[in-house]
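A look at the structure
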Amino acid sequence: MTFYEFLVFLHIFSAILGMGPGFVMSFVVTRSNPSNMTELRHSFAIRNKLHIITMVGGTLLLITGIWMGFLNTYWFSQGWYVSSLFLFLVALAFGPTLLKSRSKPIKELLREYKEEDIPEEYNQLSKKLFFVEHIENIIFLIIIALMILKPF
Ligand code: HEM
């Protein structure tokens, strides 16, 4: 196995291990259908664990992807490669901006709300957060399609 082939191997492994948990992050909360604050907090605790795996996988994807580009600079002339890199950086920028501002009030609510019923405010806040997460998931799906098809 050449070093380049090793990078491809690591890249595909990271894609499966890292992206899979990322895609189900919002569903862990919505599909588990939490009926009180204890269950909701539990769903978010699972989500946070999944997010760690996604961050490790995502970082490895970027590092191995750029490394392959440096070993085979022809990729930088290819539309699928440059577009994927751009889209990936856009998705990455979602984290500290759109996602952070939408998840902060939810975290505060989970920490500070003392009753057991789930307040209506949570539904509104989570809708906004999950909307951005679904856009991010679509971006990742586009990148996966670009990676496999290398269409242009
Ligand atoms: C959501 C993020 C990503 C996923 C899920 C992903 C997934 C994949 C998969 C499954 C392949 C194998 C496709 C094949 O060869 O048939 C691949 C190839 C490749 N990826 Fe990614 N990738 C991602 C992000 C990136 C990024 C950001 C870059 C560039 C910085 C990149 C660079 C590459 C390169 C250069 C190859 C081709 C390897 C080769 O065939 O020699 N990937 N990717």
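One structure accompanies this document, and this report is about it.

Cut-offs applied
Residues numbered from 1 in each chain as written. Predicted model: local features only at pLDDT ≥ 70, side-chain atom pairs only at ≥ 80, totals over all residues. Helix = DSSP H or I, 4+ residues; strand = E, 2+ residues; numbered from the N terminus. Buried ≥ 20, exposed ≤ 12 C-beta atoms within 10 Å, placed from the backbone. Contact = placed C-beta atoms within 7 Å. Near = placed C-beta within 6 Å. Nonpolar A, V, L, I, M, F, W, Y, C, P; charged D, E, K, R; others polar. Expected span 1.5 Å × (residues − 1).

1. Re the overall build of the protein chain
- In terms of regular secondary structure, the protein chain is built from five helices and zero strands.
- Its helices and strands taken in sequence order, the protein chain reads α-α-α-α-α from the N to the C terminus.
- Overall size of the protein chain, expressed as C-alpha extent along the three principal axes, is 60 × 25 × 20 Å.
- Here the protein chain holds 152 residues, and 12% of them are scored as buried.
- A fraction of 76% describes how many contacts in the protein chain between residues 6 or more apart in sequence connect residues 24 or more apart.

2. Let's talk about the environment of N123
- Within the fold, N123 resides in helix α5 (residues 120-149).
- Separated by 100 residues in sequence, N123 and F23 have C-alpha atoms that sit 20 Å apart.

3. Focus on the site of the ligand
- Around the ligand there are 21 residues in total, and A15, G65, M68, F88 and M147 lie nearest to it.
- The element that contributes the greatest number of residues to the shell around the ligand is helix α3 (residues 37-71), accounting for six residues.
- Grouping the constituent residues of the shell around the ligand by class yields 17 nonpolar, four polar and no charged.

4. Concerning α5
- With 30 residues, α5 extends 44 Å between its outermost C-alpha atoms, agreeing within 8% with the 44 Å of an ideal straight helix rising 1.5 Å per residue.
- In this fold, the buried residues of α5 make contact with α1 (3-23), α2 (25-30) and α4 (79-112).
- Immediately beyond the C-terminal end of α5, within one or two residues, lies K150, with a positive phi of roughly 40 degrees.

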